[in-house]
Amino acid sequence: MQRTLLMILLVLVVQITTAQKKSRQLQAEQPATATVNYSKLFKAVKWRSIGPFRGGRSVAVSGVNSDPLTYYMGTTGGGLWKTSDAGVSWFPVSDGYFKTGSVGAVAVAESDPNVVVAGMGEHAPRGVMTSYGDGVYKSTDAGKTWLHLGLEMTRQISAVRIHPSNPDLIYVAAQGALHGPSAERGIYKTSDGGKSWKKVLFVDDNTGCSDLSMDLTNPRILYAAMWDHRRLPWQMVSGGKGSGLYKSVDGGETWQKMETGLPKEMGKMGIAVSRSNPERVFAVIESDSEKEMGGVFRSDNAGKTWTRVSKDHRTVQRAWYYTEIFVDPTNENTVYVLNSPALKSIDGGKTFSRVFGGTHGDYHDLWINPANAKNLVVGNDGGAAVSFNQGETFSYQNGMPTAQFYRINVDNRFPYRIYTGQQDNSSVMIASRNTAGSGITDREWETSAGGESAFLAFDPDAPRYVMGGSYQGTIELLDLQNKEGRGVMVSPIQYQALKAKEMKYRFNWNAPIIYSKNEKAFFHAANVVFKTTDLGKSWTKISPDLTRADSTKLGLGGVPYTNEGAGGENYATISYLLESPHEAGVLWAGSDDGLVHLTRDGGKSWKNVTPAGLEEKLINSIEVSPHDPATAYIATTGYKMNDYKPSLYKTTNYGQSWTNIVNGIPEGAYTRVVREDDKTKNLLYAGTETGLYISYTGGEKWYPFQLNLPVTPITDLKVHQGDLIAATMGRSLWILDDLTPIQSYNSSVKPDSMWV
């Protein structure tokens, strides 16, 4: 009996050993991860949206003529949303269908409200927080399902116009690629519902269509505003030889340029024809600001001749971001110009007064119900808002988690708090969960230090003092105990509208601020690095200029007609700063013009450790491995140079050499952030323009890892207390609770095994 048992055991050992050898041989020949779909494998793991439920920017809105309760809102990163209760609640309708998240235009067919058309890519081209689109989507069931209609390379779409009685006849105003020349711009037309497209107006590779208006009493007549423009990392170029106003009387087949009475120098423009009197056409025109040549122009003979009726500078200020005009469909003398603020004229455009004070500022789109002009919906930097009394009051905008966030930081409390800046709003401090068991509400969050573009820094174990930044180098130190804030700017200078080369220090829109537990100090970066040990009462410069400082790229923020002074165009700045979690005195700095520097002696000396051959591009994030002080990762991006390729690098020797690690991430998913798991070495997470990617091999190979996260740009990631936190550019904040299944995954274990 014993001999029999012994023989059975020997046979089992041989079989197991043989199986293990075959398994190892198979793994060597064919890596187990090669066929793994991680999103499917971990489908039980879910991201949790924590808000805050405060709207982000919308530049595209539409209502439904026959249904005053239904509206659509296109967000700049969060997809397309719909309300069926006049803005009381909103829900996303594009998730699962759209491949990009930024909506530039939306329209509903008047003759068939089931037909909804969305044009992708924000048309208000910010230097930061503006995403590209992938063409046109169409729904024939009021947003339940969608079909992609092509025009992928148009990138940014400013308007969609649908024939009032034929929903298959659609025009698309393609503003075109923002950061470089492209032939995929102008006006496109389809007569078969989007099955085929014809480009009917094209000026040149630098000129796109910023607005398109249809005479709804005679839809063969169209008016177009063509805009010669380019956004560079250091400058907004708005205007040039390609800009002009055009008219078609044959459904867009031929066009005539309108010139009589219009300025010769033209930048961005908006145009609108009156529905109640189609002889009257309005245009808001950016022109030479110094000479006060721009303003509101009017034609009373269908565009044959024009007269400037208002030179109110409020109608054309910061023209690249606004420049939108609309006519009341029932009154030819009532006209709206959207800017900051929104303006209204009741005398045919001669004088304007402020309106829409009951909702968020910075206005971008307006839809007025032709059946009831008191009913309207406006799109602004806080989302969409519905009114039934001509804008005296509006629906609430704090019910939509469509905020755009930048950098995130966390403390060590329970529940931990997430600190971040919301574009077009304030900074935020929000709890990771509600300990009462219900969802996160506005009771779980509040404003924090600094402003919309803030990096926020504090002692994570004792976060009484929070230092938060804003644009042009302003900083606030907030005492959370006393609820008191004070300015601690390095050098209290008003930098707005200056040439960058004339600034004492150049600050990034998201100027880095970090806290050092080792030194009990704060660090802040401009084009140099500063340090304070007395809560900002005094600052010490601890570095030279760590940028390329190319003087040809340090001019005015806006040309040729309108300067831009808020700071988003400041260039040759430090864009990221990080202290090593392992070693005191070790700081990494990355610039927006493509340099990486390292100090290992607290700033006494700095070494340029930029990857060899790295082109001039934004160093958007740096990560030191939690497992090895010599290993670091950088996420770079060249999208501002019209380069949409991913760009991640890894070093294992303090930057002496680097390896490009983007295998598996496609073009278009340009990279914003990379983080390494603090429990599992070589487990990496990458946030890109189109979603999340994961690598179990230290970046040698990447795989999509979207799970239930919507398609939206990911601007930052943080591994903290066993969770993965994501900041997005259009869908607020998300948490992947409990990373244990991901951290403990072993590709060599069979799915049907009993291993846990």
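For the structure, see preceding data.
About the thresholds
- Residues numbered from 1 in each chain as written.
- Predicted model: local features only at pLDDT ≥ 70, side-chain atom pairs only at ≥ 80, totals over all residues.
- Heavy atoms only, no water.
- Helix = DSSP H or I, 4+ residues; strand = E, 2+ residues; numbered from the N terminus.
- Rg over C-alpha atoms; globule rule 2.2 N^0.38 Å.
- Buried < 20%, exposed > 50% of the residue type's maximum accessible area, 1.4 Å probe, protein only.
- Contact = heavy atoms within 4.5 Å.
- Areas by Shrake-Rupley, 256 points an atom, 1.4 Å probe, with all protein chains shown as cover.
- Lys, Arg positive; Asp, Glu negative; His and termini not counted.
- Charge placed at Lys NZ, Arg CZ, Asp CG, Glu CD.
- 1 Å grid on protein atoms, 1.4 Å probe; cavity = no way out; pocket = protein on both sides within 12 Å on 5 of 7 lines; lining within 4 Å.
- Points joined across faces, edges and corners; volume = space filled by probe spheres on them.
- Nonpolar A, V, L, I, M, F, W, Y, C, P; charged D, E, K, R; others polar.
- Salt bridge = Lys/Arg side-chain N within 4 Å of Asp/Glu carboxyl O.
- Pairing = 2+ DSSP bridges.
- Axes fitted to C-alpha atoms, helices over the stretch in contact; angles between N-to-C directions.
- Polar contact = N/O pair within 3.5 Å; in protein donor to acceptor, adjacent residues only side chain to side chain.
- Core = buried A, V, L, I, M, F, W, Y, C linked by side-chain atoms within 4.5 Å.
- Phe/Tyr/Trp six-rings, centres within 6.5 Å; stacked < 30°, edge-to-face > 60°.
- Lys NZ or Arg CZ within 6 Å of the ring centre and 35° of its normal.

(A) Geometry of the overall build of the protein chain. Assigned secondary structure in the protein chain consists of three helices and 57 strands. At 28 Å, the protein chain has a C-alpha radius of gyration in line with the 27 Å of a compact globule built from 756 residues. Seen along its three principal axes, the alpha-carbon backbone of the protein chain occupies a region of about 105 × 70 × 50 Å. Burial analysis of the protein chain (756 residues in total) assigns 62% to the buried set. Of the contacts formed within the protein chain by residues at least 6 apart in sequence, a portion of 52% connects residues at least 24 apart. A total accessible area of about 28400 Å² is found for the protein chain, and carbon and sulfur atoms account for 50% of it. Across the protein chain, the centroid of the 77 positively charged side chains sits 3 Å from that of the 76 negatively charged ones.

(B) Structural detail: the layout of surface pockets. Looking at the largest pocket, its volume works out to about 1100 Å³. Forming the boundary of the largest pocket are 36 residues, of which Asn409, Leu578, Glu579, Pro581 and Lys718 lie nearest the centre. Each residue belonging to the lining of the largest pocket can be placed in one class, and the counts come to 19 nonpolar, seven polar and ten charged. Lining the second largest pocket are 47 residues, with Arg161, Leu216, Phe326, Leu366 and Trp367 sitting closest to its centre. Where the lining of the second largest pocket is concerned, the elements lending two or more residues are strand 2 (58–64), strand 6 (103–108), strand 10 (157–162), strand 14 (207–214), strand 19 (269–273), strand 23 (324–327) and strand 27 (363–368).

(C) Just the pattern of salt bridges, in detail. The final tally for this structure, using the stated rule, is 32 salt bridges. Across the salt bridge formed by Asp550 and Lys553, the nearest N and O atoms sit 3.8 Å from each other. For the salt bridge of Glu616 with Lys553, the shortest nitrogen-to-oxygen distance reads 3.0 Å. Taken as a pair, Glu616 in the loop between strand 46 (607–608) and strand 47 (618–624) and Lys553 in the loop between strand 41 (540–541) and strand 42 (558–560) lie far apart in primary sequence, 63 residues in all. Counted as one network, the salt bridges with shared partners bring together Arg57, Glu122, Arg126 and Asp424.

(D) Representation of empty space enclosed by the protein in the model. Using the criterion set out here, one finds eight cavities of 30 Å³ or more in the structure. Estimates place the volume of the largest cavity at around 370 Å³. Lining the largest cavity are 25 residues, with Val128, Leu618, Asn620, Tyr639 and Lys640 positioned closest to its centre. Contributions of two or more residues to the lining of the largest cavity are made by strand 30 (405–410) and strand 47. In terms of residue class, the lining of the largest cavity is made up of ten nonpolar, nine polar and six charged. A volume near 70 Å³ is recorded for the second largest cavity. Leu498, Met503, Gly557, Glu564 and Asn570 are the residues nearest the centre of the second largest cavity, which is lined by 17 residues in total.

(E) Quick look at the sheet that holds strand 23. Taken in spatial order, the four strands line up as 23-24-25-26 in an open sheet, and their pairing is antiparallel. The two strands at the open ends of the sheet, each matched to only one other strand, are strand 23 and strand 26 (353–355). Within this sheet the neighbouring strands show an average axis-to-axis angle of 30 degrees, counted without direction. Where strand 23 lies against strand 24 (residues 335–338), four bridges are found, and the strand directions are antiparallel. Paired with Val327 across the strands is Val335, a residue of strand 24.

(F) Representation of the sheet that holds strand 43 (residues 574–579) in the model. If you trace the four strands from one edge of the open sheet to the other, you get 43-44-45-46, paired in antiparallel fashion. With partners counted over all chains shown, the strands left at the sheet margins are strand 43 and strand 46, one partner each. Pairing of strand 45 (residues 596–599) with strand 46, which is carried by two bridges, proceeds in the antiparallel orientation. Within strand 46, the residue paired with Leu598 across the bridge is Lys607.

(G) Up close: the side chain of Asn380. In this structure, Asn380 sits in strand 28 (residues 376–380). Here Thr359 takes part through its side chain, which lies 3.4 Å from a polar atom of the side chain of Asn380. Among the polar contacts made by the side chain of Asn380, one reaches the main-chain carbonyl oxygen of His360 at a distance of 3.0 Å. Those residues in contact with Asn380, other than ones at most four positions away along the chain, are Gly56, Arg57, Ser58, Thr359, His360, Gly361, Asp362, Tyr363, His364 and Gln397.

(H) Up close: the nonpolar core. With 37 residues, the main nonpolar core has Met467, Tyr505, Phe530, Trp588, Ile622 and Ile634 as its most contacted residues. Every element with two or more residues in this core is listed here: strand 36 (475–479), strand 38 (513–516), strand 43, strand 45, strand 47 and strand 48 (632–637). With three residues, the top contributor of residues to this core is strand 47. If we ignore the near neighbours within four places in the chain, the residues touching Tyr505 are Val490, Ser491, Tyr495, Ala526, Asn527, Val528 and Phe530.

(I) Inspection of the pairing of strand 55 (residues 714–720) at higher detail. With six of seven residues buried, strand 55 lies mostly within the body of the structure. As paired strands, strand 55 and strand 56 (residues 723–728) are joined by six bridges and run antiparallel to one another. In the sheet register, His720 faces strand 56, and the bridge partner there is Asp723. Counted between consecutive antiparallel strands, the loop separating strand 55 from strand 56 contains two residues, among which Gln721 sits at a positive phi close to 50 degrees.

(J) Examining unusual backbone geometry more closely. Put simply, Gly51 and Pro52 share a cis peptide bond, and its omega is 0 degrees. The residue Pro52 is located in the loop between strand 1 (47–51) and strand 2 in this model. With an omega of -5 degrees, the peptide bond between Val559 and Pro560 qualifies as cis. In this structure, Ala302 takes a positive phi of about 60 degrees despite not being glycine. Take Ala302: it is sitting in the loop between strand 21 (295–299) and strand 22 (307–310).

(K) Representation of the side chain of Ser94 in the model. Looking at the element boundaries, Ser94 is found in the loop between strand 5 (91–92) and strand 6. The exposure class of Ser94 is buried, given its relative accessible area of 3%. Once residues lying within four places of it in the same chain are set aside, the contact partners of Ser94 are Gly79, Leu80 and Trp146.

(L) Main features of the packing of aromatic side chains. This model, assessed by the stated rule, comprises 27 aromatic pairs. Both rings, one in Tyr38 and one in Tyr745, keep their centres 5.8 Å apart while their planes meet at 90 degrees; by these two values the pair is edge-to-face. Pair noted here: Tyr38 is in helix 2 (residues 38–41) and Tyr745 is in the segment after helix 3 (740–743), with a separation of 707 residues, a long-range link. According to the relative accessible area criterion, Tyr745 is partly exposed, its value standing at 21%. Plain terms: the ring middles of Phe98 and Trp146 are 5.2 Å apart, the flat faces sit at 80 degrees to each other, and that makes the pair edge-to-face. In this pair, Phe98 sits in the loop between strand 5 and strand 6 while Trp146 sits in the loop between strand 8 (136–139) and strand 9 (147–150), placing the two residues 48 residues apart along the sequence. We classify Phe98 as buried; its relative accessible area is 4%. Exposure remark for Trp146: the relative accessible area of 9% places this residue in the buried category. Within the aromatic cluster, the residues linked to one another by ring pairs are Tyr38, Phe42, Tyr696, Tyr703, Phe705 and Tyr745. The aromatic ring of Tyr132 is capped on one face by Arg155, whose charged end is 4.9 Å from the ring centroid. Sitting above the plane of the Phe202 ring, Lys199 keeps its charged end 4.4 Å from the centroid.

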